[in-house]
Amino acid sequence: MSKIPGQAPLVYTLDLLIPLGGLGQRTGWYWPNSSLQWLSYLLIAFGWMLTTAIIAGITRTLQKN
């Protein structure tokens, strides 16, 4: 993994997990091997599933009221 100065690993991970908007970290990192690139794809998919679950939970809570 090559790191550009000013890039933070925690913020990069959050950027992958947050599907909408973004924190501007995705383009600042370069993964030299494909297994680490697949890990980032997995984090993106997990972020979409987590966001869907949160929205479904909020929607269900609002419908009960």
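The structure reproduced in this document is the subject of the present report.

Scanning the protein chain from terminus to terminus reveals two helices and two strands. When the helices and strands of the protein chain are placed in sequence order, the string is β-α-β-α. For the protein chain, the residues scored as buried account for 17% of the 65 residues in total. Within the protein chain, contacts between residues separated by at least 24 positions form 47% of all contacts whose residues are at least 6 apart in sequence. By element, 69% of the accessible surface of the protein chain is carried by carbon and sulfur atoms, the whole surface being about 5,000 Å².

With that settled, consider a nonpolar patch on the surface. A cluster of nonpolar side chains, F46, M49, L50, I54, I58 and L62, forms an exposed patch at the surface whose accessible area comes to about 610 Å². Locating I54 in the fold gives a position in helix α2 (residues 34-64). For I54, a relative accessible area of 47% puts it in the partly exposed group.

Before going further, it helps to spend a moment on the packing of aromatic side chains. Counted under the stated rule, the structure contains one aromatic pair. Measuring from ring centre to ring centre gives 5.4 Å for W38 and Y41, while their planes differ by 85°; the resulting arrangement is edge-to-face. On the criterion of helical spacing, the pair formed by W38 and Y41 is a turn pair, its members being three residues apart in helix α2. On the basis of relative accessibility, which here comes to 59%, the residue W38 falls in the exposed class. Its relative accessible area of 41% is what places Y41 among the partly exposed residues.

On to helix α1 (residues 9-17). Of all the residues in α1, the buried ones are Y12, D15 and L16. Down the axis of α1, the buried set is contained in an arc of 95°. They therefore lie on one face.

The rules we used
- Residues numbered from 1 in each chain as written.
- Predicted model: local features only at pLDDT ≥ 70, side-chain atom pairs only at ≥ 80, totals over all residues.
- Heavy atoms only, no water.
- Helix = DSSP H or I, 4+ residues; strand = E, 2+ residues; numbered from the N terminus.
- Buried < 20%, exposed > 50% of the residue type's maximum accessible area, 1.4 Å probe, protein only.
- Contact = heavy atoms within 4.5 Å.
- Areas by Shrake-Rupley, 256 points an atom, 1.4 Å probe, with all protein chains shown as cover.
- Patch = residues over 30% accessible without salt bridge, like charges linked within 9 Å, V, L, I, M, F, W, Y side chains within 5 Å.
- Salt bridge = Lys/Arg side-chain N within 4 Å of Asp/Glu carboxyl O.
- Phe/Tyr/Trp six-rings, centres within 6.5 Å; stacked < 30°, edge-to-face > 60°.
- Arc of directions from axis to C-beta.

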